[in-house]
Amino acid sequence: METPQILYLSRADIERVALDMATIIRLLENAFREKGAGRIEMPPKPGIHTQPDAFIHAMPAFIPAMRSAGIKWVSGYPANQRRGLPYITGLLILNDVETGIPYAVMDCSWITAYRTAAATALAARYLGRPNSEIAGVLACGVQGRTNLEALEVIFPIRRAYAYDTTREVQERFVEEMSARLGIEIIGVDDPRKAVVDSDLVVTSGPILKHPAPTIQESWLKPGGFGSAVDFDSYWQPAAMAQMDKISTDDHTQFQYYRSAGYFQLTPDPYADLGEIVSGKKPGREREDERTLAINLGLALDDMAVAPEIYQRAKERGLGTWLPL
Ligand SMILES: NC(=O)c1ccc[n+]([C@@H]2O[C@H](COP(=O)([O-])OP(=O)(O)OC[C@H]3O[C@@H](n4cnc5c(N)ncnc54)[C@H](O)[C@@H]3O)[C@@H](O)[C@H]2O)c1
């Protein structure tokens, strides 16, 4: 019997593939359309927790239309920043849909950074104003960067405000992202300044079970869109209560997180991204609506993107083949 071969892709291999953000957004849109039609399999993610506010999650999903099946085993450790280590690390395994045999193992930090941002941009396409041109980024880490990059693919962004509690991180963001995207980026020393003039606001700080949120009622202007990448850690309950529409990416996972102690003061989302993309629920309906996307991050996102990375890596001879 032939020994099955697995393609191992390191973070560096995946960076060399450099899948572009527009493609990632398109893949996610296709996957969410399938989800809206009830054609995917994705059990809620179980996890283990070896440190406070840290997690290691198992995230399996099957998207039949994309012939994609697999699992992500991802950890998030907030204290790693102090150790000079990445916050998010982990591995992703792809399985053949006919035989179940694993055919790829890859780093999952790149995919996590990019697919999460693409989910923000996808939600913003349906819930933001199409002419949005000012963005606010609160927390200028990995997600702050990729989220701004993804929004810039969809919207005619001409200016962004950037706020981070660590001054050097904020300064590096301003310098590097303005060069990368060719837009004006202004570093601000007060989180309010990153919100009040912005059409699109991304918060991407640490997710905390017992947050002391910063963004107050009416900071987000009418017509504004927010993406709470860090769950309910940045938006005060009164600011969330003021939203005309709050969406999520999956109702079951939202309720699971609620039962685990998050989102205690967050209103129930009116729709998930699958329902919105497939037209079952409306997106933005009025110019002056305030909207907030709370995407929890789904295995669906990862499995929408990973096979494309595998294909392109294989075509280019990247990665290392290993026997199973
Ligand atoms: N929803 C999802 O799908 C999803 C996916 C991946 C990551 N996340 C979450 O996104 C968040 C950011 O992840 P990352 O990989 O960018 O981490 P990161 O460590 O690269 O960046 C976090 C940044 O937040 C800054 N910060 C901390 N407290 C702050 C505050 N109060 N205001 C402003 N800045 C603050 C830090 O200085 C750091 O620059 C994490 O909470 C992570 O769990 C969510």
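Here is a short report on the structure shown in this document. (Residues numbered from 1 in each chain as written. Predicted model: local features only at pLDDT ≥ 70, side-chain atom pairs only at ≥ 80, totals over all residues. Heavy atoms only, no water.)

1. Observations regarding the overall build of the protein
- Across its full length, the protein holds ten helices and 15 strands.
- Rg of the C-alpha trace for the protein: 19 Å, near the compact-globule value of 20 Å for 324 residues, within the 12% margin.
- The 324 residues of the protein split such that 54% are buried.
- Considering only contacts in the protein between residues 6 or more positions apart, those separated by 24 or more positions represent 72%.
- Surface accessibility of the protein: about 13900 Å² in total, with carbon and sulfur atoms responsible for 51%.
- Between the averaged position of the 34 positive side-chain charges in the protein and that of its 41 negative side-chain charges there is a distance of 0 Å. (Helix = DSSP H or I, 4+ residues; strand = E, 2+ residues; numbered from the N terminus. Rg over C-alpha atoms; globule rule 2.2 N^0.38 Å. Buried < 20%, exposed > 50% of the residue type's maximum accessible area, 1.4 Å probe, protein only. Contact = heavy atoms within 4.5 Å. Areas by Shrake-Rupley, 256 points an atom, 1.4 Å probe, with all protein chains shown as cover. Lys, Arg positive; Asp, Glu negative; His and termini not counted. Charge placed at Lys NZ, Arg CZ, Asp CG, Glu CD.)

2. Brief notes about the layout of surface pockets
- Here the second largest pocket is characterised by a volume of approximately 240 Å³.
- Along the wall of the second largest pocket there are 15 residues; nearest its centre are M66, R67, S68, Y103 and P307.
- Per-element accounting of the lining of the second largest pocket gives the leading share, six residues, to helix α10 (residues 299-315).
- Class assignment for the residues of the lining of the second largest pocket results in eight nonpolar, three polar and four charged. (1 Å grid on protein atoms, 1.4 Å probe; cavity = no way out; pocket = protein on both sides within 12 Å on 5 of 7 lines; lining within 4 Å. Points joined across faces, edges and corners; volume = space filled by probe spheres on them. Nonpolar A, V, L, I, M, F, W, Y, C, P; charged D, E, K, R; others polar.)

3. Some points on unusual backbone geometry
- Phi angles above zero are rare outside glycine, and A18 is one such case at about 50°.
- Mapped onto the secondary structure, A18 falls in the loop between α1 (11-17) and α2 (21-36).
- We classify A18 as partly exposed; its relative accessible area is 45%.
- Even without being a glycine, F263 presents a positive backbone phi close to 55°.
- With respect to the element layout, F263 can be found in the loop between α8 (251-259) and β13 (271-272).

4. Regarding the sheet that holds strand β2 (residues 47-48)
- Pairing is mixed across the open sheet formed by seven strands, whose spatial order is β2-β3-β4-β5-β6-β1-β15. Edge positions in the sheet fall to β2 and β15 (320-323), since each has one partner strand and no second.
- When strand β4 (residues 68-76) meets strand β5 (residues 88-95), the two strands line up antiparallel, connected through eight bridges. Counterpart to K72 in the pairing with β5 is L92. (Pairing = 2+ DSSP bridges.)

5. Considering empty space enclosed by the protein
- Overall, the coordinates contain one cavity of 30 Å³ or more when judged by the stated rule.
- Forming the walls of the largest cavity are I215, Q216, S218, W219, L220, W235, A239, Q242, M243 and R290.
- Class assignment of the residues belonging to the lining of the largest cavity gives a composition of six nonpolar, three polar and one charged.

6. Overview of the site of the ligand
- With respect to spatial proximity, 24 residues lie near the ligand, and among them Y87, Q143, D164, G205 and Y234 are the closest.
- Measuring from a nitrogen atom of the ligand, one finds a side-chain N or O atom of Y234 at 2.6 Å.
- Expressed as a share of its isolated accessible area of 860 Å², the protein-covered part of the ligand is 86%.
- When residues of the shell around the ligand are traced back to their parent elements, those giving at least two are α4 (109-127) and α5 (142-154).
- Looking at the shell around the ligand, the element that brings in the most residues is α4, giving three residues.
- Among the residues making up the shell around the ligand, the classes are represented as eleven nonpolar, eleven polar and two charged. (Near = heavy atom within 4 Å. Polar contact = N/O pair within 3.5 Å; in protein donor to acceptor, adjacent residues only side chain to side chain.)

7. Brief notes about helix α6 (residues 167-181)
- For α6, built from 15 residues, the straight-helix expectation of 21 Å at 1.5 Å per residue is met to within 8% by its first-to-last C-alpha distance of 21 Å.
- Taken together, the buried positions of α6 are occupied by V169, Q170, F173, V174, M177 and L181. Down the axis of α6, the sector holding all buried residues measures 135°, keeping them to one side. What points out from α6, more than 90 degrees from its buried face, is the exposed set E168, E175 and A179. (Expected span 1.5 Å × (residues − 1). Arc of directions from axis to C-beta.)

8. Digging into the packing of α2 against α5
- At a minimum axis distance of 9 Å, the contact between α2 and α5 shows a crossing angle of 80°. As summarised for this structure, α2 and α5 are arranged roughly perpendicular, according to the angle between their axes. Note on element contacts: α5 touches α2 through T146, E149, A150, V153 and I154, opposite M21, A22 and I25.
- Classifying every residue of the contact of α2 with α5 by side-chain character gives six nonpolar, one polar and one charged. (Axes fitted to C-alpha atoms, helices over the stretch in contact; angles between N-to-C directions. Parallel < 35°, antiparallel > 145°, perpendicular 65-115°, else oblique.)

9. Considerations on the sheet that holds strand β8 (residues 159-163)
- Strand order in the open sheet made by the eight strands is β9-β8-β7-β10-β11-β14-β12-β13, with parallel pairing throughout. Looking at which strands have only one partner, the edges of the open sheet turn out to be β9 (184-187) and β13.
- Docked against the sheet, α4 engages β10 (200-203), β11 (225-228), β12 (245-248) and β14 (291-294), running at close to 155° with respect to β11.

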